[in-house]
Amino acid sequence: MSYDPRQILTQAGQDLAVEEVPLRQIADQFGTPCYVYSAQALRAQYHQLAAALNPLKSRIHYSVKANSNLGILSLFKELGAGFDIVSGGELSRVLAIGGNPRDVIFSGVGKSVAEIDLALKVGVGCFNVESRSELERIQQRAELAQKVAPISVRVNPDIDANTHPYISTGLKDNKFGVDAETALTLYSMAAKTNALSIEGIDCHIGSQIARTEPLLEALNSILNLVDTLSSSGIELQHVNLGGGFGVRYQDEHALDLNAYGAQLHELLGPRQLPLRVEPGRSLTANAGLLLTQVEYLKPGQDDATGFVIVDAAMNDLIRPSLYDAWHDIVVVDGFSADDPVQQLDVVGPICESGDFLAKGRSLQVSEDSLLAVLSAGAYGMCLASNYNSRGRAAEVLVDGANVQCIRRRETVQDQLRLELPEGR
Ligand SMILES: *Cc1c(COP(=O)(O)O)cnc(C)c1O
(Lines give C-alpha, C1' and ligand atoms only; values in the text may rest on other atoms or scores of the structure.)
Protein backbone atom coordinates (compact mmCIF):
# COMPACT_ATOMS: atom_id res chain seq x y z
CA MET A 1 0.00 0.00 0.00
CA SER A 2 2.62 2.53 1.01
CA TYR A 3 4.98 3.81 -1.63
CA ASP A 4 8.41 3.58 -0.06
CA PRO A 5 10.71 6.59 -0.48
CA ARG A 6 13.44 4.32 -1.86
CA GLN A 7 11.19 2.94 -4.58
CA ILE A 8 12.16 5.92 -6.70
CA LEU A 9 15.75 4.65 -6.86
CA THR A 10 16.80 2.05 -9.44
CA GLN A 11 20.12 0.74 -10.67
CA ALA A 12 21.54 1.67 -14.08
CA GLY A 13 24.68 -0.44 -14.43
CA GLN A 14 26.79 0.35 -11.36
CA ASP A 15 25.01 3.58 -10.66
CA LEU A 16 22.02 4.61 -8.61
CA ALA A 17 19.41 5.96 -10.98
CA VAL A 18 15.91 7.36 -11.23
CA GLU A 19 14.20 5.08 -13.73
CA GLU A 20 16.95 4.50 -16.34
CA VAL A 21 18.96 7.66 -15.78
CA PRO A 22 21.96 7.60 -13.40
CA LEU A 23 21.88 10.33 -10.77
CA ARG A 24 25.54 11.14 -11.42
CA GLN A 25 24.68 11.82 -15.06
CA ILE A 26 21.88 14.18 -14.01
CA ALA A 27 24.20 16.01 -11.59
CA ASP A 28 26.85 16.38 -14.31
CA GLN A 29 24.37 17.57 -16.90
CA PHE A 30 22.21 19.93 -14.85
CA GLY A 31 24.37 20.74 -11.82
CA THR A 32 23.38 20.60 -8.16
CA PRO A 33 21.26 21.19 -6.16
CA CYS A 34 18.69 19.71 -8.48
CA TYR A 35 15.22 18.30 -7.97
CA VAL A 36 14.64 15.02 -9.83
CA TYR A 37 11.15 13.59 -10.36
CA SER A 38 10.12 10.20 -11.67
CA ALA A 39 7.24 10.29 -14.15
CA GLN A 40 6.57 6.60 -13.56
CA ALA A 41 6.32 7.13 -9.80
CA LEU A 42 3.97 10.10 -10.28
CA ARG A 43 1.74 7.99 -12.53
CA ALA A 44 1.86 5.04 -10.12
CA GLN A 45 0.73 7.23 -7.22
CA TYR A 46 -2.13 8.66 -9.27
CA HIS A 47 -3.28 5.24 -10.49
CA GLN A 48 -3.10 3.79 -6.98
CA LEU A 49 -5.45 6.46 -5.65
CA ALA A 50 -7.75 6.25 -8.68
CA ALA A 51 -8.00 2.47 -8.21
CA ALA A 52 -8.79 2.84 -4.50
CA LEU A 53 -11.64 5.26 -5.30
CA ASN A 54 -12.73 3.20 -8.29
CA PRO A 55 -16.08 1.89 -7.03
CA LEU A 56 -17.17 5.46 -6.36
CA LYS A 57 -18.11 8.25 -8.71
CA SER A 58 -15.07 10.37 -8.06
CA ARG A 59 -12.63 12.85 -9.52
CA ILE A 60 -9.06 13.60 -8.47
CA HIS A 61 -8.20 17.30 -8.36
CA TYR A 62 -4.44 17.56 -7.91
CA SER A 63 -3.56 20.18 -5.29
CA VAL A 64 -1.25 22.47 -7.24
CA LYS A 65 0.51 23.95 -4.21
CA ALA A 66 2.30 20.68 -3.36
CA ASN A 67 4.37 20.91 -6.54
CA SER A 68 3.33 23.54 -9.03
CA ASN A 69 5.91 22.98 -11.79
CA LEU A 70 4.25 23.17 -15.22
CA GLY A 71 5.83 19.85 -16.22
CA ILE A 72 4.24 18.12 -13.24
CA LEU A 73 0.86 19.78 -13.89
CA SER A 74 0.96 18.65 -17.54
CA LEU A 75 1.63 15.09 -16.47
CA PHE A 76 -1.40 15.07 -14.15
CA LYS A 77 -3.56 16.71 -16.80
CA GLU A 78 -2.64 13.91 -19.22
CA LEU A 79 -3.73 11.41 -16.57
CA GLY A 80 -7.14 13.08 -16.43
CA ALA A 81 -6.80 15.04 -13.18
CA GLY A 82 -8.56 18.28 -12.42
CA PHE A 83 -6.83 20.82 -10.18
CA ASP A 84 -7.26 22.39 -6.76
CA ILE A 85 -5.76 25.87 -6.56
CA VAL A 86 -5.31 28.45 -3.81
CA SER A 87 -4.31 31.58 -5.76
CA GLY A 88 -4.58 33.44 -9.04
CA GLY A 89 -0.98 32.49 -9.73
CA GLU A 90 -1.85 28.81 -9.51
CA LEU A 91 -4.83 29.41 -11.81
CA SER A 92 -2.48 30.98 -14.33
CA ARG A 93 -0.27 27.90 -14.13
CA VAL A 94 -3.19 25.61 -14.91
CA LEU A 95 -4.18 27.85 -17.84
CA ALA A 96 -0.56 27.87 -19.06
CA ILE A 97 -0.60 24.11 -19.54
CA GLY A 98 -3.92 24.26 -21.37
CA GLY A 99 -5.90 22.98 -18.39
CA ASN A 100 -9.67 23.36 -18.59
CA PRO A 101 -10.83 26.00 -16.08
CA ARG A 102 -14.02 23.97 -15.57
CA ASP A 103 -11.81 21.30 -13.94
CA VAL A 104 -10.45 23.81 -11.41
CA ILE A 105 -11.53 24.15 -7.79
CA PHE A 106 -10.54 27.46 -6.17
CA SER A 107 -9.82 27.07 -2.41
CA GLY A 108 -8.20 29.44 0.08
CA VAL A 109 -9.25 31.85 2.86
CA GLY A 110 -8.07 35.09 1.30
CA LYS A 111 -9.27 35.28 -2.31
CA SER A 112 -8.70 38.84 -3.55
CA VAL A 113 -11.00 40.79 -5.86
CA ALA A 114 -8.49 40.39 -8.70
CA GLU A 115 -8.30 36.63 -8.14
CA ILE A 116 -12.07 36.24 -8.03
CA ASP A 117 -12.45 38.34 -11.19
CA LEU A 118 -9.89 36.22 -13.04
CA ALA A 119 -11.58 33.01 -11.87
CA LEU A 120 -15.00 34.30 -13.01
CA LYS A 121 -13.62 35.47 -16.34
CA VAL A 122 -12.08 32.12 -17.26
CA GLY A 123 -14.92 30.18 -15.63
CA VAL A 124 -13.50 27.99 -12.86
CA GLY A 125 -15.55 24.93 -11.93
CA CYS A 126 -16.09 25.81 -8.28
CA PHE A 127 -15.22 28.38 -5.63
CA ASN A 128 -14.69 26.76 -2.25
CA VAL A 129 -16.01 29.52 0.01
CA GLU A 130 -14.40 29.93 3.43
CA SER A 131 -16.38 32.79 5.05
CA ARG A 132 -19.52 34.89 4.85
CA SER A 133 -17.57 37.94 3.69
CA GLU A 134 -16.03 35.92 0.90
CA LEU A 135 -19.44 34.66 -0.22
CA GLU A 136 -20.69 38.25 -0.35
CA ARG A 137 -17.65 39.39 -2.31
CA ILE A 138 -17.98 36.56 -4.83
CA GLN A 139 -21.66 37.40 -5.28
CA GLN A 140 -20.89 41.11 -5.87
CA ARG A 141 -18.14 40.38 -8.37
CA ALA A 142 -20.31 37.87 -10.19
CA GLU A 143 -23.20 40.37 -10.42
CA LEU A 144 -20.82 43.01 -11.74
CA ALA A 145 -19.42 40.64 -14.37
CA GLN A 146 -22.90 39.29 -15.13
CA LYS A 147 -21.72 35.77 -14.44
CA VAL A 148 -22.92 32.97 -12.25
CA ALA A 149 -20.33 31.78 -9.71
CA PRO A 150 -20.43 28.06 -8.87
CA ILE A 151 -19.85 27.62 -5.15
CA SER A 152 -19.23 25.09 -2.42
CA VAL A 153 -18.93 25.92 1.29
CA ARG A 154 -15.86 24.72 3.12
CA VAL A 155 -16.96 23.22 6.39
CA ASN A 156 -14.59 23.01 9.32
CA PRO A 157 -15.77 19.88 11.14
CA ASP A 158 -13.60 20.50 14.24
CA ILE A 159 -11.73 17.22 13.96
CA ASP A 160 -8.22 16.56 15.17
CA ALA A 161 -6.29 14.97 12.31
CA ASN A 162 -3.40 14.24 14.68
CA THR A 163 -0.88 15.92 12.51
CA HIS A 164 1.71 18.68 12.91
CA PRO A 165 0.04 21.90 14.20
CA TYR A 166 1.22 23.88 11.14
CA ILE A 167 -0.53 21.46 8.75
CA SER A 168 -3.67 20.86 10.77
CA THR A 169 -6.61 22.77 9.27
CA GLY A 170 -9.80 21.16 10.59
CA LEU A 171 -9.84 22.36 14.18
CA LYS A 172 -12.16 25.14 15.25
CA ASP A 173 -9.27 27.44 16.15
CA ASN A 174 -7.80 27.08 12.63
CA LYS A 175 -8.53 29.86 10.13
CA PHE A 176 -10.10 27.54 7.56
CA GLY A 177 -13.75 27.00 6.63
CA VAL A 178 -16.90 27.69 8.69
CA ASP A 179 -18.81 25.69 11.30
CA ALA A 180 -21.84 23.63 10.33
CA GLU A 181 -24.36 26.23 11.46
CA THR A 182 -22.70 29.04 9.52
CA ALA A 183 -22.50 26.73 6.50
CA LEU A 184 -26.29 26.34 6.53
CA THR A 185 -26.70 30.14 6.70
CA LEU A 186 -24.33 30.60 3.74
CA TYR A 187 -26.23 28.04 1.67
CA SER A 188 -29.55 29.75 2.32
CA MET A 189 -27.98 33.10 1.37
CA ALA A 190 -26.59 31.56 -1.82
CA ALA A 191 -29.93 29.99 -2.69
CA LYS A 192 -31.54 33.44 -2.74
CA THR A 193 -29.37 34.94 -5.48
CA ASN A 194 -29.02 34.18 -9.17
CA ALA A 195 -25.38 35.24 -9.12
CA LEU A 196 -24.38 32.08 -7.25
CA SER A 197 -25.08 28.48 -8.10
CA ILE A 198 -24.76 25.94 -5.32
CA GLU A 199 -22.59 23.04 -6.50
CA GLY A 200 -21.22 21.17 -3.53
CA ILE A 201 -19.74 21.05 -0.08
CA ASP A 202 -16.14 20.55 0.95
CA CYS A 203 -13.69 20.11 3.79
CA HIS A 204 -9.95 19.61 4.15
CA ILE A 205 -8.88 18.80 7.68
CA GLY A 206 -5.11 18.78 7.40
CA SER A 207 -2.11 17.19 5.77
CA GLN A 208 -0.05 14.04 6.30
CA ILE A 209 -3.03 12.20 7.84
CA ALA A 210 -2.10 8.58 8.53
CA ARG A 211 -5.40 7.07 9.68
CA THR A 212 -8.76 6.86 7.94
CA GLU A 213 -10.79 7.65 11.08
CA PRO A 214 -10.53 11.46 11.10
CA LEU A 215 -11.24 11.57 7.35
CA LEU A 216 -14.33 9.40 7.77
CA GLU A 217 -15.47 11.42 10.77
CA ALA A 218 -15.24 14.53 8.60
CA LEU A 219 -17.26 12.88 5.84
CA ASN A 220 -19.83 11.85 8.39
CA SER A 221 -20.43 15.41 9.57
CA ILE A 222 -20.50 16.59 5.95
CA LEU A 223 -23.13 13.98 5.08
CA ASN A 224 -25.30 15.19 7.97
CA LEU A 225 -25.23 18.62 6.38
CA VAL A 226 -25.93 17.19 2.93
CA ASP A 227 -29.05 15.53 4.33
CA THR A 228 -30.15 18.65 6.23
CA LEU A 229 -29.76 20.76 3.09
CA SER A 230 -31.59 18.20 1.02
CA SER A 231 -34.56 18.28 3.38
CA SER A 232 -34.72 22.06 2.93
CA GLY A 233 -34.68 21.69 -0.84
CA ILE A 234 -30.99 22.29 -1.56
CA GLU A 235 -29.53 19.34 -3.51
CA LEU A 236 -25.76 19.27 -3.74
CA GLN A 237 -23.99 17.98 -6.85
CA HIS A 238 -20.77 16.83 -5.19
CA VAL A 239 -18.94 16.26 -1.92
CA ASN A 240 -15.31 17.33 -1.84
CA LEU A 241 -13.27 15.53 0.81
CA GLY A 242 -10.08 17.54 0.38
CA GLY A 243 -6.63 15.98 0.48
CA GLY A 244 -4.14 15.36 3.24
CA PHE A 245 -3.49 11.67 2.63
CA GLY A 246 -0.39 10.70 4.57
CA VAL A 247 2.74 9.23 3.03
CA ARG A 248 5.75 7.37 4.33
CA TYR A 249 8.87 9.47 4.88
CA GLN A 250 10.65 7.33 7.47
CA ASP A 251 8.76 4.58 9.27
CA GLU A 252 5.26 6.08 9.41
CA HIS A 253 2.33 4.25 7.88
CA ALA A 254 0.99 5.83 4.73
CA LEU A 255 -2.78 6.22 4.67
CA ASP A 256 -4.32 2.92 3.58
CA LEU A 257 -6.00 4.15 0.41
CA ASN A 258 -7.86 0.92 -0.37
CA ALA A 259 -9.34 0.79 3.13
CA TYR A 260 -10.24 4.46 2.82
CA GLY A 261 -12.00 3.89 -0.53
CA ALA A 262 -13.97 0.94 0.82
CA GLN A 263 -15.00 2.81 3.99
CA LEU A 264 -16.08 5.85 1.97
CA HIS A 265 -18.23 3.58 -0.15
CA GLU A 266 -19.88 2.16 2.94
CA LEU A 267 -20.45 5.54 4.57
CA LEU A 268 -22.04 7.02 1.44
CA GLY A 269 -24.59 4.22 1.46
CA PRO A 270 -27.30 4.68 -1.14
CA ARG A 271 -26.38 8.33 -1.82
CA GLN A 272 -25.23 8.69 -5.44
CA LEU A 273 -23.15 11.79 -4.67
CA PRO A 274 -20.06 12.23 -6.83
CA LEU A 275 -16.92 12.65 -4.71
CA ARG A 276 -13.95 14.88 -5.25
CA VAL A 277 -10.58 14.64 -3.60
CA GLU A 278 -7.73 17.16 -3.57
CA PRO A 279 -4.50 15.23 -2.95
CA GLY A 280 -1.15 16.99 -3.21
CA ARG A 281 1.53 15.39 -1.07
CA SER A 282 0.42 11.79 -1.60
CA LEU A 283 0.82 12.10 -5.38
CA THR A 284 4.22 13.75 -5.45
CA ALA A 285 6.22 13.40 -2.20
CA ASN A 286 7.81 10.05 -2.89
CA ALA A 287 8.15 10.67 -6.61
CA GLY A 288 10.91 13.23 -6.17
CA LEU A 289 14.35 13.69 -4.63
CA LEU A 290 16.81 16.51 -4.18
CA LEU A 291 20.31 15.88 -5.50
CA THR A 292 23.08 17.68 -3.69
CA GLN A 293 26.87 17.62 -3.85
CA VAL A 294 29.05 17.49 -0.74
CA GLU A 295 31.21 20.60 -0.35
CA TYR A 296 33.06 19.83 2.88
CA LEU A 297 33.26 17.42 5.78
CA LYS A 298 33.76 19.19 9.10
CA PRO A 299 34.40 17.39 12.38
CA GLY A 300 32.33 18.38 15.43
CA GLN A 301 34.05 20.06 18.36
CA ASP A 302 35.15 17.63 21.05
CA ASP A 303 32.71 14.71 20.82
CA ALA A 304 29.91 16.63 19.11
CA THR A 305 28.32 15.37 15.92
CA GLY A 306 30.26 16.35 12.80
CA PHE A 307 28.90 18.00 9.69
CA VAL A 308 28.60 17.20 6.06
CA ILE A 309 28.19 20.57 4.38
CA VAL A 310 26.31 20.24 1.09
CA ASP A 311 25.36 22.65 -1.69
CA ALA A 312 21.61 22.42 -0.97
CA ALA A 313 20.12 24.38 1.92
CA MET A 314 16.98 25.39 3.74
CA ASN A 315 16.13 27.78 0.91
CA ASP A 316 15.89 24.72 -1.39
CA LEU A 317 14.09 22.40 1.03
CA ILE A 318 12.68 24.05 4.14
CA ARG A 319 10.68 21.09 5.51
CA PRO A 320 13.33 19.93 8.01
CA SER A 321 13.70 23.47 9.44
CA LEU A 322 10.01 24.38 9.30
CA TYR A 323 8.32 21.17 10.44
CA ASP A 324 11.20 19.19 11.86
CA ALA A 325 10.53 16.85 8.94
CA TRP A 326 12.58 13.72 8.35
CA HIS A 327 13.99 12.96 4.90
CA ASP A 328 15.95 9.83 4.07
CA ILE A 329 19.50 10.63 2.87
CA VAL A 330 21.21 8.29 0.40
CA VAL A 331 24.89 8.54 -0.54
CA VAL A 332 24.87 8.12 -4.32
CA ASP A 333 28.61 7.80 -5.01
CA GLY A 334 32.04 9.24 -4.31
CA PHE A 335 32.91 7.12 -1.27
CA SER A 336 34.95 3.97 -0.76
CA ALA A 337 34.67 1.05 1.60
CA ASP A 338 37.64 2.58 3.50
CA ASP A 339 35.69 5.70 4.43
CA PRO A 340 34.45 5.42 8.01
CA VAL A 341 30.73 5.41 8.81
CA GLN A 342 30.17 8.59 10.81
CA GLN A 343 27.31 10.23 12.66
CA LEU A 344 26.77 13.49 10.82
CA ASP A 345 24.41 16.43 10.48
CA VAL A 346 23.68 17.25 6.85
CA VAL A 347 23.72 21.04 6.63
CA GLY A 348 23.71 23.75 3.98
CA PRO A 349 25.78 26.92 3.48
CA ILE A 350 23.13 29.33 4.84
CA CYS A 351 23.97 31.51 7.85
CA GLU A 352 21.35 30.02 10.20
CA SER A 353 21.72 27.16 12.66
CA GLY A 354 18.25 26.12 11.48
CA ASP A 355 19.77 25.38 8.08
CA PHE A 356 19.88 21.61 8.10
CA LEU A 357 18.49 18.84 5.90
CA ALA A 358 19.05 16.00 8.37
CA LYS A 359 20.53 15.46 11.81
CA GLY A 360 22.61 12.68 13.31
CA ARG A 361 22.68 10.31 10.34
CA SER A 362 25.07 7.38 9.96
CA LEU A 363 26.73 8.10 6.63
CA GLN A 364 29.70 6.78 4.71
CA VAL A 365 30.71 9.81 2.68
CA SER A 366 33.67 11.71 1.33
CA GLU A 367 34.06 15.27 0.07
CA ASP A 368 33.39 13.93 -3.46
CA SER A 369 30.06 12.37 -2.63
CA LEU A 370 26.77 13.09 -4.30
CA LEU A 371 23.76 12.78 -1.96
CA ALA A 372 20.08 12.27 -2.64
CA VAL A 373 17.52 13.68 -0.19
CA LEU A 374 14.49 11.45 -0.70
CA SER A 375 10.74 12.17 -0.51
CA ALA A 376 11.30 15.72 -1.73
CA GLY A 377 8.61 15.83 -4.42
CA ALA A 378 6.00 17.66 -2.34
CA TYR A 379 6.39 21.00 -0.55
CA GLY A 380 10.01 21.09 -1.69
CA MET A 381 10.74 23.32 -4.67
CA CYS A 382 7.42 25.17 -4.34
CA LEU A 383 8.57 26.48 -0.93
CA ALA A 384 12.06 27.41 -2.16
CA SER A 385 13.29 30.97 -1.71
CA ASN A 386 16.24 33.15 -2.64
CA TYR A 387 17.45 33.49 0.95
CA ASN A 388 21.15 34.36 1.04
CA SER A 389 20.66 35.37 -2.63
CA ARG A 390 20.88 31.76 -3.67
CA GLY A 391 19.40 30.96 -7.07
CA ARG A 392 16.67 28.35 -6.94
CA ALA A 393 17.53 24.81 -8.04
CA ALA A 394 16.93 23.22 -11.42
CA GLU A 395 14.13 20.66 -11.79
CA VAL A 396 14.33 17.57 -13.97
CA LEU A 397 11.65 15.06 -14.94
CA VAL A 398 12.78 11.53 -15.80
CA ASP A 399 10.56 9.26 -17.86
CA GLY A 400 12.25 5.93 -18.65
CA ALA A 401 15.49 6.86 -20.41
CA ASN A 402 14.20 10.33 -21.19
CA VAL A 403 15.38 13.33 -19.11
CA GLN A 404 13.70 16.68 -19.42
CA CYS A 405 14.71 19.89 -17.67
CA ILE A 406 11.34 21.29 -16.53
CA ARG A 407 12.83 24.34 -14.86
CA ARG A 408 16.28 25.74 -15.47
CA ARG A 409 18.48 26.82 -12.60
CA GLU A 410 17.82 30.40 -11.57
CA THR A 411 20.71 32.75 -12.38
CA VAL A 412 21.94 35.78 -10.50
CA GLN A 413 20.59 37.91 -13.39
CA ASP A 414 17.13 36.41 -12.80
CA GLN A 415 17.32 37.60 -9.21
CA LEU A 416 18.74 41.08 -9.87
CA ARG A 417 16.43 41.91 -12.76
CA LEU A 418 13.50 42.99 -10.59
CA GLU A 419 15.64 45.38 -8.54
CA LEU A 420 17.73 47.04 -11.23
CA PRO A 421 16.37 50.12 -13.01
CA GLU A 422 15.14 49.27 -16.55
CA GLY A 423 17.91 48.84 -19.06
CA ARG A 424 20.77 48.39 -16.62
C1 LIG B 1 -3.03 21.93 0.76
C2 LIG B 1 -4.40 21.57 0.41
C3 LIG B 1 -4.67 20.30 -0.14
C4 LIG B 1 -3.60 19.25 -0.35
O5 LIG B 1 -3.08 18.76 0.84
P6 LIG B 1 -2.05 17.52 0.82
O7 LIG B 1 -1.74 17.27 2.22
O8 LIG B 1 -0.86 17.97 0.04
O9 LIG B 1 -2.75 16.39 0.14
C10 LIG B 1 -5.96 20.02 -0.49
N11 LIG B 1 -6.96 20.92 -0.32
C12 LIG B 1 -6.75 22.14 0.21
C13 LIG B 1 -7.88 23.09 0.38
C14 LIG B 1 -5.46 22.51 0.58
O15 LIG B 1 -5.24 23.71 1.13
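Right above here is the structure, for reference.
What you see is a predicted model; the values in this text were computed from it and never measured.

Colleague: What is the right way to read the nonpolar core from this model?
Modeller: As a rule of thumb, nonpolar side chains are buried together in soluble globular proteins. Formed by 106 residues in total, the largest nonpolar core has its most connected members in Phe76 and Phe127. At nine residues, helix H8 (residues 212-231) tops the list of elements feeding residues into this core. Of the residues that make up this core, three or more belong to each of domain 1 (5-37 + 285-416) and domain 2 (107-279). When near neighbours in sequence (up to four residues on either side) are disregarded, Phe76 contacts Leu42, Tyr46, Tyr62, Ala81, Phe83, Leu283 and Thr284. Counting 21 residues, the second largest nonpolar core, distinct from the first, contains Leu16, Ile26, Ala27 and Val332.

Colleague: How should the packing of aromatic side chains be read in this particular structure?
Modeller: The geometry of an aromatic ring pair comes down to the distance between the two centres and the angle between the two planes. Across all of its chains, the model carries five aromatic pairs by this definition. Between Tyr46 and Phe76, the ring centres sit 6.2 Å apart and the planes meet at 40 degrees, which makes this aromatic pair tilted. Note that Tyr46 is positioned in helix H2 (residues 39-52) and Phe76 in helix H3 (residues 70-79), a separation of 30 residues in sequence. Both residues of the pair, Tyr46 and Phe76, belong to the buried class. One aromatic cluster is present, formed by Tyr46, Tyr62 and Phe76 through successive ring pairs. The ring of Phe106 has Lys111 lying over it, and the distance from NZ or CZ to the ring centre is 5.4 Å. Between Lys359 and the ring centre of Phe356, over which it is positioned, the NZ or CZ distance is 4.3 Å.

Colleague: Sorry, what's going on with the site of the ligand here?
Modeller: The ligand sits among 14 residues. The nearest are Lys65, Ser207, Glu278, Arg281 and Tyr379. One of the side-chain N or O atoms of Lys65 is found 2.7 Å from an oxygen atom in the ligand. Note that a nitrogen atom of the ligand is positioned 3.3 Å from one of the side-chain N or O atoms of Asp84. For the ligand, whose unbound accessible area comes to 390 Å², protein coverage reaches 93%. Among the cavities detected, the one that contains the ligand is the largest pocket.

Colleague: What's the story with a nonpolar patch on the surface in this structure? I'm lost.
Modeller: A cluster of nonpolar side chains, Val412, Leu416 and Leu420, forms an exposed patch at the surface whose accessible area comes to about 240 Å². Turning to its location among the elements, Leu420 is positioned in the segment after helix H12 (412-416). Here Leu420 falls in the partly exposed class, since its relative accessible area comes to 34%.

Colleague: Just to check I follow, could you spell out the pairing of strand S20 (residues 402-407) for this structure?
Modeller: Looking along a regular strand, one sees the side chains alternate between the two faces of the sheet. Sheet topology note: the strand S19 (residues 394-399)/S20 ladder contains five bridges and is antiparallel. Looking at the pairing, Glu395 lines up with Arg407 of S20. The hairpin turn running from S19 into S20, its antiparallel successor, is two residues long, and Gly400 in that turn takes a positive phi close to 65 degrees.

Colleague: Hey, could you run me through the pattern of salt bridges in this one?
Modeller: As a working rule, side chains carrying opposite charge can pair if their charged atoms are close by. In this structure the tally under the stated criterion is 16 salt bridges. Close ionic contact of Lys111 with Glu134 constitutes a salt bridge, the shortest N to O distance being 2.6 Å. Taken together, the positions of Lys111 in the loop between strand S7 (104-106) and helix H5 (113-122) and Glu134 in helix H6 (residues 132-145) put the pair 23 residues apart, joining distant regions of the chain. Glu134 shares its class with Lys111; the two are buried. With its nearest N and O atoms 2.9 Å apart, the salt bridge here joins Asp117 to Arg141. Placement of the pair is Asp117 in helix H5 and Arg141 in helix H6, with a sequence separation of 24 residues. Exposure remark for Asp117: the relative accessible area of 27% places this residue in the partly exposed category. Taken together, the salt bridges that share partners define one network made up of Arg24, Asp28 and Asp333.

Colleague: What am I meant to see in the sheet that holds strand S2 (residues 15-18) here?
Modeller: Sheet strands pair by backbone hydrogen bonding; their relative direction is either parallel or antiparallel. The antiparallel open sheet is built from three strands, whose spatial order is S1-S2-S3. Sheet topology places strand S1 (9-12) and strand S3 (21-22) at the edges, where each strand pairs with a single neighbour. Relative to S2, S1 is paired through four bridges, and the arrangement is antiparallel. When the bridges of S2 are listed, Gln11 appears paired with Leu16.

Colleague: Would you explain the packing of H2 against H3 in this entry?
Modeller: A pair of packed helices can be characterised by two numbers: the angle between their axes and the separation between those axes. At a minimum axis separation of 11 Å, H2 and H3 run at an interaxial angle of 45 degrees. Comparing their axes, H3 and H2 come out oblique. In this structure, H2 crosses over H3, and the sense of that crossing is right-handed. Counted together, Ala39, Leu42, Arg43, Tyr46 and His47 of H2 and Ile72, Leu75, Phe76 and Leu79 of H3 form the full contact between these two elements. Residues that form the contact of H2 with H3 fall into these classes: seven nonpolar, one polar and one charged.

Colleague: Help me understand the sheet that holds strand S10 (residues 196-202) in this model?
Modeller: Pairing is parallel in the closed barrel, where eight strands are placed in the order S5-S6-S7-S8-S9-S10-S11-S12. Sheet twist, expressed as the average angle between the axes of neighbouring strands with direction ignored, equals 30 degrees. Both strand S5 (residues 58-63) and strand S6 (residues 82-85) contribute to a ladder of three bridges, which runs parallel. Across the sheet, the residue bridging to His61 is Gly82, located in S6. H5 rests against S7, strand S8 (126-129) and strand S9 (149-154) of the sheet, and its axis sits at about 150 degrees to S8.

Definitions and cut-offs
- Residues numbered from 1 in each chain as written.
- Predicted model: local features only at pLDDT ≥ 70, side-chain atom pairs only at ≥ 80, totals over all residues.
- Heavy atoms only, no water.
- Core = buried A, V, L, I, M, F, W, Y, C linked by side-chain atoms within 4.5 Å.
- Buried < 20%, exposed > 50% of the residue type's maximum accessible area, 1.4 Å probe, protein only.
- Helix = DSSP H or I, 4+ residues; strand = E, 2+ residues; numbered from the N terminus.
- Domains from an automatic or database assignment.
- Contact = heavy atoms within 4.5 Å.
- Phe/Tyr/Trp six-rings, centres within 6.5 Å; stacked < 30°, edge-to-face > 60°.
- Lys NZ or Arg CZ within 6 Å of the ring centre and 35° of its normal.
- Near = heavy atom within 4 Å.
- Polar contact = N/O pair within 3.5 Å; in protein donor to acceptor, adjacent residues only side chain to side chain.
- Areas by Shrake-Rupley, 256 points an atom, 1.4 Å probe, with all protein chains shown as cover.
- 1 Å grid on protein atoms, 1.4 Å probe; cavity = no way out; pocket = protein on both sides within 12 Å on 5 of 7 lines; lining within 4 Å.
- Sits in = over half its atoms within 2 Å of the grid points.
- Patch = residues over 30% accessible without salt bridge, like charges linked within 9 Å, V, L, I, M, F, W, Y side chains within 5 Å.
- Salt bridge = Lys/Arg side-chain N within 4 Å of Asp/Glu carboxyl O.
- Pairing = 2+ DSSP bridges.
- Axes fitted to C-alpha atoms, helices over the stretch in contact; angles between N-to-C directions.
- Parallel < 35°, antiparallel > 145°, perpendicular 65-115°, else oblique.
- Left-handed = near helix turned anticlockwise from the far one by under 90°.
- Nonpolar A, V, L, I, M, F, W, Y, C, P; charged D, E, K, R; others polar.

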